[in-house]
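Commentary on secondary and tertiary structure
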Amino acid sequence: MKCCARPKSVAPGSRGAQTIKDHVRSNWQNAVLVCRKCSKKLDGGFGPRGDERLVKALRRHLSLKKGRKATAGIIEVACLGVCPKGAVTVVNGAASRDWLLVRPDADLDELATILGLAAGDH
């Protein structure tokens, strides 16, 4: 099935009408959303040399791979609308009421713990 294919319209109650049943499984225990616009504004600032975006630095720090087979998803998303100066907005999917503003000098071990992504879990 194409990624963005629209289903053919089917009259309710007719043969072929169904609710959403198709799904794809992942190994994610947690999903973390990172604002792409904030990351671009900082132009890096994370990682051992301070030249990586937060997503890449956090994945590398936790030895996480990309995609649905990783143990957690760390995903760059479109602007989250907070736009802090000198920080990146991060949302933990498991605790979505509390958004984090992460500065470039942040300790990635502490951030991982706050996000529920402790290095020992992966």
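The preceding data block contains the structure.
Residues numbered from 1 in each chain as written. Predicted model: local features only at pLDDT ≥ 70, side-chain atom pairs only at ≥ 80, totals over all residues. Heavy atoms only, no water.

1. Topic: the nonpolar core
Val34, Leu54, Ile74, Val90 and Leu117 are the most contacted members of the largest nonpolar core, which has 21 residues in total. Listed by contribution, the elements that provide at least two residues to this core are β1 (31–35), α2 (54–62), β3 (88–92) and α3 (108–114). For this core, the leading source of residues is α2, giving 5 residues. (Core = buried A, V, L, I, M, F, W, Y, C linked by side-chain atoms within 4.5 Å. Buried < 20%, exposed > 50% of the residue type's maximum accessible area, 1.4 Å probe, protein only. Helix = DSSP H or I, 4+ residues; strand = E, 2+ residues; numbered from the N terminus.)

2. Quick word on the pattern of salt bridges
Summed over all chains, the structure comprises 4 salt bridges. When the shortest N-O distance is used, the salt bridge between Arg60 and Glu52 registers 2.9 Å. Accessibility expressed as a relative area gives 49% for Arg60, which makes it partly exposed. One salt bridge in this structure joins Glu76 and Arg53, with 3.2 Å as the shortest N-O distance. With a gap of 23 residues between them, Glu76 in strand β2 (residues 73–77) and Arg53 in the loop between α1 (36–42) and α2 connect regions that are remote in the sequence. The exposure class of Arg53 is partly exposed, given its relative accessible area of 30%. Members of the salt-bridge network, linked through shared partners, are Arg36, Arg53 and Glu76. (Salt bridge = Lys/Arg side-chain N within 4 Å of Asp/Glu carboxyl O.)

3. Overview of α2
Within α2, burial applies to Leu54, Val55, Ala57, Leu58, Arg59 and Leu62. Packing partners of the buried residues in α2 comprise β1, β2, β3, β4 (99–102) and α3. Of the residues one or two after α2, Ser63 is the one with positive phi, at around 55°. (Contact = heavy atoms within 4.5 Å.)

4. Quick notes on the pairing of β1
Two elements, β1 and β2, share 5 bridges in a ladder whose sense is parallel. In the strand pairing of β2, Ala31 is matched with Gly73. Where β1 lies against β3, 3 bridges are found, and the strand directions are antiparallel. Within β3, the position partnered with Val32 by the bridge is Asn92. (Pairing = 2+ DSSP bridges.)

5. Structural notes on the side chain of Glu52
With respect to the helices, strands and loops of the structure, Glu52 is situated in the loop between α1 and α2. Of note is the side chain of Glu52, whose polar atom sits 2.9 Å from the side chain of Arg60. Setting aside anything within four residues of it in sequence, one finds Glu52 in contact with Gly44, Gly45, Phe46, Gly47, Ala57 and Arg60. (Polar contact = N/O pair within 3.5 Å; in protein donor to acceptor, adjacent residues only side chain to side chain.)

6. Observations concerning the pairing of β4
Relative to β4, β3 is paired through 4 bridges, and the arrangement is antiparallel. From the neighbouring strand, Val91 faces β4, where its bridge partner is Trp99. The hairpin formed by β3 and β4 contains 6 residues between the paired strands.

7. Let's talk about the side chain of Ser39
Structurally, Ser39 is set in helix α1. Of the residues examined, Ser39 reaches a relative accessible area of 3% and is grouped as buried. Apart from the residues within four sequence positions on either side, Ser39 is in contact with Val34, Gly44, Arg53, Glu76 and Val88.

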